[in-house]
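Topology and contacts: notes
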Amino acid sequence: MKFTPRMWTALLVAALFLLAGMAFSLSTYRQIRATALAQQQTLQLLKSADDFLSALKDAETGQRGYVITGNEAFLQPYLAVKDSIQARLEQLQQLAQVDGNLDSLPDLASLVHARMDELAQVIDLRRAHNNAEVLARVSDGRGKQLMDTIRARVKAFTEQEEGTLARHEADYQATLRKLLSLVVGASVLALGAALSFAYLLYRQGLQRQDGLLYQETRRLLDQQALLNQQLQEANQTLQRSEEQLAVTLNSIGDGVITTDAMAQITSLNPLAEQLTGWTLEQARGRKIEDVLRIVHKTSRALVVNPVLDALQYGKVQELANHTLLLDRDGNEYDIADSCAPILARDGRVIGAVLVFRNVTKEYAVQQGARDSAVLIQTILNTVADGVLTLHGEGLLVETVNPAIETMFGYAASEMVDRDIRLLIPTFSPLADPDGAATAPAEVIVVREAQGHRRDGSEFTLEITLNEMWLGGERHYTAVLRDMTMRKLAEEALFKEGALQAAIFNSANFS
């Protein structure tokens, strides 16, 4: 190919456009990189502020847990934060200084130190068992006021940083639009240069067309010979693929059956032969419903074979639950399967493939679990004592049995998700029978609690409370027993004994 002056001109123009575009793209990339770094720094600053405030909340929570329970284990979050709060504060201030926003955290250090000192003083008072002073310190609200001020400072700081982040994002998007405009413009210019160059090549090609006709014909003949050779190799590859597919189907862990478009079986793998009782030689060419006989497990009614639906609708079909496969010898298997149509390149349905597996053991395990759940629920529904469960957070009622409904006069829907103190105003998992505060035990019995019925009447009941942990959360199981009849019997016995003693004393005095 001989280059003309016009071709050289088109190439030179295209090269100049390319160099200019590369230079502008490099400048734009630097702007994008600077904006991205600023965004990353702002995000890191926001995360540091959030971590700092969360750590301070953890310290406050640990102190509150210790003050309430007296259990040193609750101080673990406070101790962990106590040693690291200064480092966290310094890190936050350093990041704010780098971001040029240090003035947005006025007197934060003094507030934090004051809050930590206040927490430490309350803990020391609790350790000294000076509960009155602890209650006074907690009630004066100074700790809450300090924490509210710290939250306000951090919130104002994060809102300002979020505004900075929004500006960075706007700059980033503007730079991206600039880059997109550059790419589009450069592409249009390059396309114009390419079209000009192509037109020049086309004109030159027309001039050489006659001379190249023989060479082109010869090239096409060579290509035809090459295509023939490739076709033979493709046939050999297809044959090997079919052999590999047969090996794969024979080794798969599920039963596999394929059919043609008329629902006639074309292949079965060994597991399908085992489950149906048919060999491939016996089944090939038969209708799918003759070999794969499926019925509903309960009604024993025939189930429509999913292969027929897959062939009719051209979509994947799933077998319904509770389906039994009856093999050739009359054995039964619970099965689960799916069926997909086999499509030609033009979208025509030319067959179907059915994959199924024996789930008899799985169904037996599931049924056992369901039976066990029904048994437990039946026991709870028939037991004479009231049984309910509570969520440890807020002491909200989760479940109740019928005896609870009878005992209090409320429907279950009126008690679930309500505070247990609606029914038992003095209820507390941290109280012993005499009302003294204690740490929660594994089982707590409150013998003299007063229950409130819906009609406003009160009655004496006994509570047996058991603590349990589910999914990392505290729950309680409570067994409630109405003590009204027992109390009446005890009072009657007491009165009878008093009367007999009075008669006896009167007789002796006479």
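None of the values given here were measured: they were computed from a predicted structure.

Check the secondary structure of the chain and you find 13 helices and 12 strands. For the chain, with 510 residues in total, the buried portion stands at 29%. For the chain, the accessible area works out to roughly 31900 Å², and carbon and sulfur atoms hold 57% of it.

Before going further, it helps to spend a moment on the environment of arginine 481. By the element assignment, arginine 481 lies in strand 12 (residues 473-482). Expressed as a C-alpha distance, the spacing of arginine 481 and glutamate 462, which sit 19 residues apart in the sequence, is 5.1 Å. Discounting residues that sit within four places of it in the chain, arginine 481 has contacts with Asp385, Thr460, Leu461, Glu462 and Arg486.

Turning next to a nonpolar patch on the surface. A grouping of Leu12, Leu16, Leu18, Leu19 and Met22 is seen on the molecular surface, where their side chains present a nonpolar patch of about 540 Å² in accessible area. Look at leucine 18 and you get exposed, because its relative accessible area is 55%.

Moving on, we get to the packing of aromatic side chains. Evaluation of the coordinates by the stated rule reveals 1 aromatic pair. We note arginine 127 situated over the ring of tyrosine 66; from NZ or CZ to the ring centre the distance is 6.0 Å. For arginine 328, the ring lying beneath its charged end belongs to tryptophan 278, and the centroid distance is 4.0 Å.

For the rest of this paragraph, the subject is the pairing of strand 1 (residues 255-260). For strand 1, the tally of buried residues reaches 5 of 6 residues, placing the bulk of the element in the interior. In this structure, strand 1 lies alongside strand 7 (residues 349-358), joined through 6 bridges in antiparallel fashion. Bridging from a neighbouring strand, threonine 259 pairs with alanine 352 of strand 7. Direction of pairing for strand 1 relative to strand 2 (residues 265-268): antiparallel, over a ladder of 3 bridges.

We now examine the nonpolar core. Nonpolar side chains tend to gather and get buried jointly when the protein is soluble and globular. With 27 residues, the main nonpolar core has Leu108, Val112 and Ile150 as its most contacted residues. Of all the secondary structure elements, the ones that give two or more residues to this core are helix 1 (5-69), helix 2 (76-98), helix 3 (108-127) and helix 5 (142-251). If one sorts the elements of this core by residue count, helix 1 sits on top with 8 residues. For valine 112, the residues in contact, after removing those within four places along its chain, are Phe52, Leu56, Ile85 and Ile150.

Attention now moves to the environment of alanine 412. Along the chain, alanine 412 turns up in helix 12 (residues 412-415). Spatially, the C-alpha atoms of alanine 412 and proline 402 are 7.9 Å apart, while their sequence positions differ by 10 residues. Not counting the four nearest positions on each side in its chain, alanine 412 is found in contact with Val400 and Glu405.

On to helix 3. Compared with the 28 Å implied by 1.5 Å per residue over 20 residues, the 29 Å span of helix 3 between its first and last C-alpha is a close match. Every buried residue of helix 3 is listed here: Leu108, Leu111, Val112, Arg115, Met116, Glu118, Leu119, Val122, Ile123, Leu125 and Arg126.

What follows concerns the environment of alanine 55. With respect to the element layout, alanine 55 can be found in helix 1. Spatially, the C-alpha atom of alanine 55 lies 8.8 Å from that of arginine 88, the residues being 33 residues apart in sequence. Setting aside residues up to four positions removed in sequence, alanine 55 forms contacts with Val81 and Arg88.

All right, on to the pairing of strand 12 then. Regular strands have side chains that alternate between both faces of the sheet. Two elements, strand 8 (residues 386-391) and strand 12, share 6 bridges in a ladder whose sense is antiparallel. What sits directly across from histidine 391, in strand 12, is histidine 475. As paired strands, strand 11 (residues 458-470) and strand 12 are joined by 10 bridges and run antiparallel to one another. Of the residues in strand 12, the one forming a bridge with methionine 468 is histidine 475. Between the end of strand 11 and the start of strand 12, which pair antiparallel, lie 2 residues, with glycine 471 showing a positive phi angle near 60°.

Tallying each qualifying case throughout the model produces 17 salt bridges. A salt bridge links glutamate 60 to arginine 115, with the nearest nitrogen and oxygen atoms 2.5 Å apart. Placement of the pair is glutamate 60 in helix 1 and arginine 115 in helix 3, with a sequence separation of 55 residues. Accessibility classification places glutamate 60 together with arginine 115 in one group, the buried group. Between arginine 474 and glutamate 467 there is a salt bridge, with its nearest N and O atoms 2.1 Å apart. Given a relative accessible area of 23%, arginine 474 falls into the partly exposed group.

On to the confidence of the model for the chain. With 85% of its residues at a pLDDT of at least 70, the chain reaches an overall mean of 80. This stretch, residues 431-441, has a pLDDT under 50; its non-local contacts, to residues over four places away or in other chains, come to 15 contacts.

The phi dihedral of arginine 300 is positive, around 65°, even though this residue is not glycine. With respect to the element layout, arginine 300 can be found in the loop between strand 3 (293-296) and helix 9 (306-313). Despite not being glycine, leucine 395 shows a phi value in the positive range, around 55°. Mapping leucine 395 onto the fold places it in the loop between strand 8 and strand 9 (396-400). For leucine 395, a relative accessible area of 7% translates into the label buried.

What follows concerns the side chain of histidine 475. Here histidine 475 shows up in strand 12. Its relative accessible area of 8% is what places histidine 475 among the buried residues. Within the structure, the side chain of histidine 475 is placed 3.1 Å from the side chain of glutamate 398, a separation counted as a polar contact. When neighbours within four sequence positions are excluded, histidine 475 is seen to be in contact with Leu390, His391, Gly392, Glu398, Asn466, Glu467, Met468 and Leu470.

What follows deals with the packing of helix 3 against helix 4 (residues 131-139). Between helix 3 and helix 4, the least distance of the axes is 8 Å, while the angle of their chain directions is 155°. Put simply, helix 3 runs roughly antiparallel to helix 4. In this structure, the crossing between helix 3 and helix 4 has a hand that is left-handed. Where helix 3 approaches helix 4, its residues Glu118, Gln121, Val122, Leu125 and Arg126 are matched on the opposing element by Asn131, Glu133, Val134 and Arg137. Residue classes in the contact of helix 3 with helix 4 are distributed as 3 nonpolar, 2 polar and 4 charged.

Criteria and thresholds
Residues numbered from 1 in each chain as written. Predicted model: local features only at pLDDT ≥ 70, side-chain atom pairs only at ≥ 80, totals over all residues. Heavy atoms only, no water. Helix = DSSP H or I, 4+ residues; strand = E, 2+ residues; numbered from the N terminus. Buried < 20%, exposed > 50% of the residue type's maximum accessible area, 1.4 Å probe, protein only. Areas by Shrake-Rupley, 256 points an atom, 1.4 Å probe, with all protein chains shown as cover. Contact = heavy atoms within 4.5 Å. Patch = residues over 30% accessible without salt bridge, like charges linked within 9 Å, V, L, I, M, F, W, Y side chains within 5 Å. Salt bridge = Lys/Arg side-chain N within 4 Å of Asp/Glu carboxyl O. Phe/Tyr/Trp six-rings, centres within 6.5 Å; stacked < 30°, edge-to-face > 60°. Lys NZ or Arg CZ within 6 Å of the ring centre and 35° of its normal. Pairing = 2+ DSSP bridges. Core = buried A, V, L, I, M, F, W, Y, C linked by side-chain atoms within 4.5 Å. Expected span 1.5 Å × (residues − 1). pLDDT = per-residue confidence, 0-100. Polar contact = N/O pair within 3.5 Å; in protein donor to acceptor, adjacent residues only side chain to side chain. Axes fitted to C-alpha atoms, helices over the stretch in contact; angles between N-to-C directions. Parallel < 35°, antiparallel > 145°, perpendicular 65-115°, else oblique. Left-handed = near helix turned anticlockwise from the far one by under 90°. Nonpolar A, V, L, I, M, F, W, Y, C, P; charged D, E, K, R; others polar.

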